[in-house]
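The chain contents come next:
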Amino acid sequence: MIEIDRITKTYGDSTAVDGVTMTAETGTITVIVGTSGSGKTTLLRMINRLEEPSSGEVRINGESTRATKPHLLRRRIGYAIQGHGLFPHHTVGRNIGAVPQLMGWKKDRIRARVDELLSLFSMEPDAFRDRYPAELSGGQQQRVGVARALASRPDLLLMDEPFGALDPIIRARAQDDLRRIQRRLGSTILLVTHDMEEAIRLGDRVAVMDGGRLVQHATPAEIIAQPATPLVADMVGDVERPLRLLSLIPLSELLEEGTAPGEAMPAEASLRDALAACLWSGRSAVPVTVDGVPSGRVTFEAIRARAELHA
Amino acid sequence: MRIGTVLRPALVLLLVALVLRPAWFTPLFAPLAPANAPVIYERSSLLSLSLSHLGLVAAATAAATLVAVGLAIFVTRPAGAAFRPLSRTITNMGQTFPPVAVLALAVPALGFGAGPTLVALFLYGLLPIFENSVTALSTLPPATMEAARGIGLNRWQRLVRVELPLALPVMLTGIRLSVVIALGTATIGSTVAARTLGEVIIAGLLTNNTAFVLQGGLIVGLFAVLIYDALVQLETRLARRAGA
Ligand SMILES: Nc1ncnc2c1ncn2[C@@H]1O[C@H](COP(=O)(O)OP(=O)(O)O)[C@@H](O)[C@H]1O
Ligand SMILES: [Mg+2]
């Protein structure tokens, strides 16, 4: 559990982060979202002490971060940034193995870990281990940057716009990869982005920053349904709010008895996908399967009723 | 590149022949020597003069590299940033002093021989290495430096594992400039009895023997061109590895 306790950072007269208090539960993704200059990066960098707070403190599992020397603290916390920051003179393998090497792991163990991570990110270890970062595509470099942050199995992972430089398709894939890997490893992630879409897609909780202050800290559904300030409402995008909300709800929530024509959808798919399918094929309901077994349907009417709940 | 593959071995062969078998060139240089004067310099072996010349250059450049890189590392740390203008002034002064003046001033203190030459070459070598090292160390990719801190490298590890390797190609450029300047400047050392190839040139000037002057000049020039070329290739290779 990460507790951020009334943390403030001032530079001269200006306040970059203003008395932020929030808690991130172990095993969850918290996405910090806000416009440029709202203090997201500064907040994140105070957690691993790349920046020292002017006041307030951060506790990780109850222990103040001030109790540990900064560079030792940072080895326990994964850190991935926009523009990856890979070491251009080291191979992919050495980049990913950097932290384990600092922690004194044996060579075999590091190598096994590097290969495991490359596979996890769908990069063939034999093909990529010995390449230099300049020999990778942008998407691959970014994935290696995230792999490096994960290498020593840190309990906590800090990510600053890790997918900012990627094009939309690669970006969506990288987000899915991250989500899948996080679920599997049970890591706690604090991720910074300026993109509300990304925040809603990835976050168990979303923290919205504005002018150095935390203006809302809630689940994606709450953020969409009850934006705390006009800025949050604006970021969510008023017109798209119903669609965003539907994208968070699985079909299983509106599953009912009955049959429907056409191709079936799995129960984990979102209501937004089902809505799209209905509109696209002119159906008034779609059949739903649970673990591959036909189990009922979701109707267009039910989806509409659900979307109107919050309107 | 293509022209280099032919020219490079040819120049190496020419240099080796000039140093080891100077007699082969007698017909070539004969028209330049005064009547009845020796055509080929034989007072001491050209090989030993060359080795001594290169040795002086290597020792002075090594010392200049140590000091200049050390100084550059110091002034690019937060603790040393305040000294940056001062250190720049000092190294610049090393450059503006004419080498002959340095020699003249150093002789009373160090006596005749290699000492004053080493001092002059050392002072001359500082500036290019210092300037390049400071530039290289203060223009490292910011994302890489942020990541180096962020993953938990301490100051020393950042310097040794990240900053120096990434700065190396640009530092080498400075070292290359120093070496080439030193190769030429070392010839003046012979005026204060340092054993360098300048001995051949000066003997030629004193006796109006253009053959000697040309011989000495050619050897020094070829060394400079070939060493320059070798260092350029080394830099290119290192820069490629650093992903530039
Ligand atoms: N080292 C610094 N010195 C002075 N001001 C800074 C520094 N770092 C950040 N700031 C200021 O703090 C504010 C928040 O910056 P930042 O945390 O980078 O915002 P974000 O990541 O949300 O774009 C900005 O106004 C920025 O100019
Ligand atoms: Mg930022």
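As the structure is a prediction and not an experimental result, all values here were calculated from the model.

**Notes on the site of ligand 1**
Residue and element names in this part refer to chain A.
Consideration 1: Residues in close proximity to ligand 1 include Tyr 11, Ala 16, Thr 35, Ser 36, Gly 37, Ser 38, Gly 39, Lys 40, Thr 41 and Thr 42, which together make up its full environment.
Consideration 2: Within the contact set of ligand 1, a nitrogen atom lies 3.5 Å away from a side-chain nitrogen or oxygen of Tyr 11.
Consideration 3: Relative to its unbound accessible surface of 550 Å², ligand 1 loses 56% to contact with the protein.
Consideration 4: Of all the elements, helix H1 (residues 40-47) adds the most residues to the shell around ligand 1, at 3 residues.
Consideration 5: Here the residues of the shell around ligand 1 are counted per class, giving 2 nonpolar, 7 polar and 1 charged.

**Observations concerning the domain arrangement of chain A**
Residue and element names in this part refer to chain A.
Consideration 1: Parsing chain A into structural domains produces domain 1 (2-237) and domain 2 (244-309).
Consideration 2: Counting residues at the interface gives 9 residues for domain 1 and 4 residues for domain 2.
Consideration 3: Carbon and sulfur atoms supply 61% of the area buried between domain 1 and domain 2, which totals about 510 Å² over both sides.
Consideration 4: Interface area lost by domain 1 to domain 2 is led by Glu 197, Ile 200 and Ile 224, which between them contribute 64%.
Consideration 5: For Arg 244, the salt bridge identified is with Glu 197, shortest N-O distance 3.1 Å.
Consideration 6: Where domain 1 meets domain 2, there are 2 residue pairs in polar contact (both at pLDDT 80 or more).
Consideration 7: Counting residues per element, the ones that place at least two in the side of domain 1 that touches domain 2 are helix H9 (196-202), helix H10 (220-225) and helix H11 (230-236).
Consideration 8: Within the side of domain 1 that touches domain 2, the residues separate by chemical class into 7 nonpolar, 1 polar and 1 charged.

**Here's the deal with the UniProt feature "transmembrane region" (unreviewed entry) in chain B**
Residue and element names in this part refer to chain B.
Consideration 1: Within the UniProt annotation, "transmembrane region" (unreviewed entry) is assigned to residues 49-75, 96-115, 164-192 and 212-231.
Consideration 2: For residues 96-115, helix accounts for 75% and strand for 0%, while the C-alpha atoms at its two ends are 20 Å apart.
Consideration 3: Split by type, residues 212-231 is 100% helix and 0% strand. Its first and last C-alpha atoms lie 29 Å apart.

**Points about the UniProt feature "domain: ABC transmembrane type-1" (unreviewed entry) in chain B**
Consideration 1: The sites that carry the UniProt feature "domain: ABC transmembrane type-1" (unreviewed entry) are, in the present numbering, residues 50-231 of chain B.
Consideration 2: For the annotated span residues 50-231 of chain B, helix accounts for 81% and strand for 0% of the residues, and the straight-line distance between the end C-alpha atoms is 19 Å.

**A closer look at the UniProt feature "domain: ABC transporter" (unreviewed entry) in chain A**
Consideration 1: Mapped onto this structure's residue numbering, the UniProt feature "domain: ABC transporter" (unreviewed entry) falls at residues 2-236 of chain A.
Consideration 2: The distance separating the terminal C-alpha atoms of residues 2-236 of chain A is 26 Å; by composition the span is 40% helix and 27% strand.

**Here's the deal with the sheet that holds strand S2 (residues 14-24) of chain A**
All names here are of chain A.
Consideration 1: Taken together, the 4 strands give an open sheet; going across it, the order is S2-S1-S4-S5, and neighbouring strands pair in antiparallel fashion. The strands lining the two open edges of the sheet, one partner per strand, are S2 and strand S5 (63-64).
Consideration 2: Relative to the sheet, H1 contacts strand S1 (2-11), S2 and strand S4 (55-60), its axis offset from that of S1 by approximately 120°.

**Observations concerning the sheet that holds strand S7 (residues 156-160) of chain A**
Residue and element names in this part refer to chain A.
Consideration 1: Strand order across the open sheet formed by 6 strands is S6-S7-S8-S3-S9-S10, with mixed pairing between neighbours. For this open sheet the edge positions go to strand S6 (77-81) and strand S10 (213-218), each flanked by a neighbour on one side alone. Averaged over neighbouring strand pairs, the angle between their axes works out to 15° when direction is ignored.
Consideration 2: H1 rests against strand S3 (29-34), S6, S7, strand S8 (188-193) and strand S9 (205-210) of the sheet, and its axis sits at about 150° to S7.
Consideration 3: Contacts from helix H7 (residues 138-150) reach S6 and S7, with the element oriented near 165° to S6.

**Some thoughts on the side chain of B:Ser44**
All names here are of chain B.
Consideration 1: Checked against the element boundaries, Ser 44 lands in the loop between helix H2 (26-29) and helix H3 (46-75).
Consideration 2: On the basis of relative accessibility, which here comes to 15%, the residue Ser 44 falls in the buried class.
Consideration 3: Engagement of the side chain of Ser 44 in a polar contact is seen with the side chain of Glu 199, the distance being 3.3 Å.
Consideration 4: With residues up to four places along the chain from it excluded, the contact list for Ser 44 reads Leu 49, Arg 195 and Glu 199.

**Observations concerning the packing of aromatic side chains**
Consideration 1: All chains considered together, the criterion is met by 2 aromatic pairs over all chains.
Consideration 2: For the pair B:Tyr41 and B:Phe212, a centre-to-centre distance of 5.3 Å together with 85° between the ring planes defines the contact as edge-to-face. Of this pair, B:Tyr41 sits in the loop between H2 and H3 while B:Phe212 sits in helix H10 (residues 210-241); the two residues are 171 residues apart in sequence, bridging distant segments of the chain. The pair B:Tyr41 / B:Phe212 is uniform in exposure class, with both members buried.
Consideration 3: Ring centres of B:Phe74 and B:Phe83 lie 5.4 Å apart, and the angle between their planes is 40°; on these two criteria the pair is classed as tilted.
Consideration 4: Sitting over the ring of A:Trp105, A:Arg109 keeps its end group 3.7 Å from the ring centre.
Consideration 5: Above the ring of A:Phe87, the side-chain terminus of A:Arg148 is found at 5.0 Å from the ring centroid.

Rules of the game
- Residues numbered from 1 in each chain as written.
- Chains lettered and ligands numbered in written order.
- Predicted model: local features only at pLDDT ≥ 70, side-chain atom pairs only at ≥ 80, totals over all residues.
- Heavy atoms only, no water.
- Near = heavy atom within 4 Å.
- Polar contact = N/O pair within 3.5 Å; in protein donor to acceptor, adjacent residues only side chain to side chain.
- Areas by Shrake-Rupley, 256 points an atom, 1.4 Å probe, with all protein chains shown as cover.
- Helix = DSSP H or I, 4+ residues; strand = E, 2+ residues; numbered from the N terminus.
- Nonpolar A, V, L, I, M, F, W, Y, C, P; charged D, E, K, R; others polar.
- Domains from an automatic or database assignment.
- Contact = heavy atoms within 4.5 Å.
- Buried area = accessible area lost by both parts, 1.4 Å probe.
- Salt bridge = Lys/Arg side-chain N within 4 Å of Asp/Glu carboxyl O.
- UniProt positions renumbered as here; feature names shortened; annotations may be inferred.
- Pairing = 2+ DSSP bridges.
- Axes fitted to C-alpha atoms, helices over the stretch in contact; angles between N-to-C directions.
- Buried < 20%, exposed > 50% of the residue type's maximum accessible area, 1.4 Å probe, protein only.
- Phe/Tyr/Trp six-rings, centres within 6.5 Å; stacked < 30°, edge-to-face > 60°.
- Lys NZ or Arg CZ within 6 Å of the ring centre and 35° of its normal.

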